[in-house]
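Architecture at a glance
Each chain is listed here by its residues.
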Amino acid sequence: MRYIPHTDDDIREMLAVVGQPDVDALFHVIPEELRFKGVLDVPSGQSELEVQKRLGELAAANTQSGGDAWFLGAGTYAHFVPSAVDALISRAEITTSYTPYQPEISQGTLQTIFEWQTMMASLTGLEVANASMYDGASATAEAALMAMRVTRRERILVSDGVHPHTLHVLATYLGGLGARIDALPLGDDGRTAGAVVADDVACVIVQQPNFLGCIEELGAFGETVHAAGALLVATVGEALSLPLLRPPGDWGADIVCGEAQSFGVPVGFGGPHLGFLAARMKHVRQLPGRLVGETVDARGKRGFVLTLSTREQHIRRERATSNICTNQGLCLTMATIYLSLMGKAGLREVALQNLAKAEYAKRKLQEAGLELPFSAPTFNEFVVRVPDTPSAALARAREAKVTGGLDLTRFRPQLGPAVLVCATELCSREGIDRLAAALSGAPA
Amino acid sequence: MSYEEPLVFERSRPGRRGVDLPPLDVPEVDAEALLGDALRTEPATLPELSEPDVVRHFTRLSTWNAAVDLGLYPLGSCTMKYNPKLNEQIARFPGLALAHPHAPVEEVQGLLELMFELENLLATVSGMARVSLQPAAGAQGELAGVMMIRAYHESRGDTRRRKVLIPDSAHGTNPASAALNGYDVVAVPSGDDGLLHPEAVEAAMTDEIAALMVTNPNTLGLFETHIARISEIVHSGGGMVYGDGANLNALLGLSRPGDMGIDVMHFNLHKTFSTPHGGGGPGAGPVGVVDALVPFLPVPVVERTEAGAYRWDENRPQTIGRMHGNHGNVGMMVRAYAYILSLGADGLRRCAEMAVLNANYLLERLREHYHVPFPGTVMHECVLSDRGLADTGITTLDVAKRLIDHGYHPPTIYFPLIVAGALMIEPTESEDREGLDRFADTMIEIAREAHDDPEALRHAPERTRLTRLDETRAARKPILRWQPPDAS
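Quick look at the structure, then. Quantities reported herein were computed from a predicted structural model and do not represent experimental measurements.

Focus on the sheet that holds strand β5 (residues 240–244) of chain B
Residue and element names in this part refer to chain B. As summarised here, the arrangement of the seven strands in space is β1-β7-β6-β5-β4-β2-β3, forming an open sheet in which the pairing is mixed. Only two strands of the sheet have a single partner each, and these edge strands are β1 (130–132) and β3 (184–188). For this sheet, the mean angle separating the axes of adjacent strands, direction not counted, is 25°. Where strand β6 (residues 264–266) meets strand β7 (residues 287–289), three bridges bridge the pair, whose relative direction is antiparallel. Each bridged residue has a counterpart across the sheet, and for His-266 the counterpart in β7 is Val-287. Seen against the sheet, helix α6 (residues 138–155) touches β4 (209–215), β5, β6 and β7 and runs at an angle of roughly 175° to β5.

Notes on the interface of chain B and chain A
Listed as interface residues are 205 residues of chain B and, on the opposing side, 180 residues of chain A. Across the chain B to chain A interface the summed buried area is about 16700 Å²; carbon plus sulfur atoms make up 64%. A per-residue breakdown of the area chain B buries against chain A is headed by Arg-40, Leu-46 and Leu-480 of chain B, which together make up 5% of the total. For the side of chain B that touches chain A, the class distribution of residues is 116 nonpolar, 49 polar and 40 charged.

Notes on the pairing of strand β9 (residues 310–313) of chain B
Along any regular strand, the residues point their side chains to alternate faces of the sheet. Pairing of strand β8 (residues 301–304) of chain B with β9 of chain B involves four bridges; the strand directions are antiparallel. Bridge assignment links Glu-303 of chain B to a residue of β9 of chain B, and that residue is Arg-311 of chain B.

Brief notes about the pairing of strand β10 (residues 381–385) of chain A
All names here are of chain A. With respect to burial, β10 is a largely interior element, four of its five residues being buried. The pairing of β10 with strand β12 (residues 418–422) spans five bridges and is antiparallel. By the bridge assignment, Phe-382 is partnered in β12 with Val-421.

A few points about the pattern of salt bridges
Residues and elements named next belong to chain B. Inspection of every chain in the model, using the stated rule, returns 61 salt bridges over all chains. Where Asp-441 meets Arg-365, a salt bridge forms, and the shortest distance between an N and an O atom there is 2.8 Å. Of the two residues, Asp-441 is situated in helix α13 (residues 433–452) and Arg-365 in helix α11 (residues 330–366); the sequence distance between them amounts to 76 residues. For Arg-365, a relative accessible area of 22% gives the class partly exposed. The residue Glu-449 makes a salt bridge to Arg-402 at a minimum N-O spacing of 2.7 Å.

The rules behind the values
- Residues numbered from 1 in each chain as written.
- Chains lettered and ligands numbered in written order.
- Predicted model: local features only at pLDDT ≥ 70, side-chain atom pairs only at ≥ 80, totals over all residues.
- Heavy atoms only, no water.
- Pairing = 2+ DSSP bridges.
- Helix = DSSP H or I, 4+ residues; strand = E, 2+ residues; numbered from the N terminus.
- Axes fitted to C-alpha atoms, helices over the stretch in contact; angles between N-to-C directions.
- Contact = heavy atoms within 4.5 Å.
- Buried area = accessible area lost by both parts, 1.4 Å probe.
- Nonpolar A, V, L, I, M, F, W, Y, C, P; charged D, E, K, R; others polar.
- Buried < 20%, exposed > 50% of the residue type's maximum accessible area, 1.4 Å probe, protein only.
- Salt bridge = Lys/Arg side-chain N within 4 Å of Asp/Glu carboxyl O.

Below is the structure:
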């Protein structure tokens, strides 16, 4: 029992202090009929070496993302992560600490969150960002709930360009509340067509760039949405677009939410990832999740504390702005370290490399005779039509040791045989050339 | 050594870089021509630092945190137990850390198998029929559970049920989760013994009640001895019983929520199964259900085919939907799975036994020095209060802050709400007897100090880099981000 220190002597002596004859007697408060009599159907405990081997086998049965010829994104992106990120977050003071309830001995966590809030407010073009949400999908659902609280309205307009899983989570979250969700279709260019916003609409939700990779013209929405007294919510699927694209807040978005996994968080089979949520200061009391604020200690020195907690469930209970309790603290720390290492110039350069690789991939695919159905500008992801079927094209790609992208048949059957291709800074020119050959069926 | 460390932005010097990238191997592009209006013109507020700058900054910041690896972290209800290093190593295996959620199932069979097995292990431990691993945290698991209860009632055409019963000792997330799914919350008072009584539940039970949400052991550290009868009452009134799994640690191998009449419960993998808490998350909140609720589980779930392969099942007509953009916090599942394999059936039971022994031992050592609001044996955590210190003017907050001076993270304070000045202590099973004795001695010393030298307590902590922080000021004039000095 390598994680439990008690020796038989310890147990005997402690029982004597407690005044119980044996360990079983400690459980006399559990009524007899509720005692579990058998032995759990769980295998016997294993040594460290055995567990390592077992998990090694399970790990070996999965493909790893990333590398020269990996083109699958669709909401989870393989990017380069500097070594310092894992080295730092492996520090036990970061990994094994809890929610910073006691600020005097949690300043490391608190200052890191404050730095994160600053970076995300600036990247989104808004005034305040919180200390993270579970993931981009639940952050979007919480943004819709927040808009409903602010406007006291119950109808949500959502672009068809929002990731289908995000839309699904949104529908789940709103299911019990009598909210109505209406779709905004995409135009022929791949961007959300303009919206007619009635005066019962709480918010319009647009994803930037959208699920099909297209960069939306958010400015076209701002005025219409605000004139109807609704809020504009921009949800960001690929946070690495933020250093390159005009911040949604500048386009008039009132809430910007999304997924920041791209900022140094492992692909991790889809989680844990890093949801974020930013808003205007006038709505701060409706913003769910934790917030860190600056203050001073008894000697006047600057320090940080959790603040505006009266919005939260541990104080307001059923009247809280949301039920979110834990956040994604460790992922937020990864992202803050990543953004600090990248810095102003580095982050923009990575974003530019993504743009350049994707543009090169678009050109090569077109040269191979494939059609790109949408004319809207894109960042690092785009749709391509394949000559036969996505499954055949992706199988050809696998043959060529290329992970070719997402088969859109299930999500967008109306597009015909289409694949969503993502090119990041990790893929190489040669990998892109192989992709083009494989998807088109041309000899490499 | 104690450092001063500015904000990362204040360390910034124009022109420094912490990362270099390989040269672009494809033609450069004209971003302005491609993006037009959509191009960002003002760079974001990010620092400019070298790698050593960044490493020193975050290393220094980390030294200002208390952590389980530094010592006892007895936060009641948060279960801050030791986090095995093996689990951290395993979670970083590239085959686990870098698998892609949209990869074809045949390329991620190892992870699907892990999830399938973890589901079964959790079902076994809890006595539930099935488990969904998807919720990203305990509170999201609660929300999923309440949604399933609603879906169940609605599937039977039972639409009158608008209310949820919640004991006054409950975690704040319980009422918040119920409200977030459109339910009205009805508080049920605990008895003088800190327990929920059948009569109180019976009195509150109507055909408008969708569910009772209960934590067992409860937040006073007490086993709800009437749980079976209470479940019967709720069931016979047509309601469901939700079990908050925050304190499951105390029951492993000894008692199963499924046998108590609990219909749906969440697990906090980070509490019960030792996944580290990372300064506030990520957690993971799988949710287990009895047969009647299986059709409503969030999608997707993992199934095993007859051929022994694993696949996603999304085609479940009565599902409440999807709670997470992908498959949940899989990294936490990996750690929890490794932990369960390491402990096995005997180890899990030993965990609960030693957690309970430790809590009772501490309570026994402190009984004469602090007020104990409820008599009797506790489970894995115990609650004290500052009532015995009333004549000194010293409060729970002072005691907590003084503990910091002695190198301890304080217990949970002022919760549960039904005990004035509560101090809720959860030592967990990973603490040894000597450690508990040192902590008890310190608590006793502080109680003595409260009588002899109360001034010293009022100014605590004094041995930290910062002394008591002005939380009122932070809330009154919120400063929630750094602004460059030249910005007004």
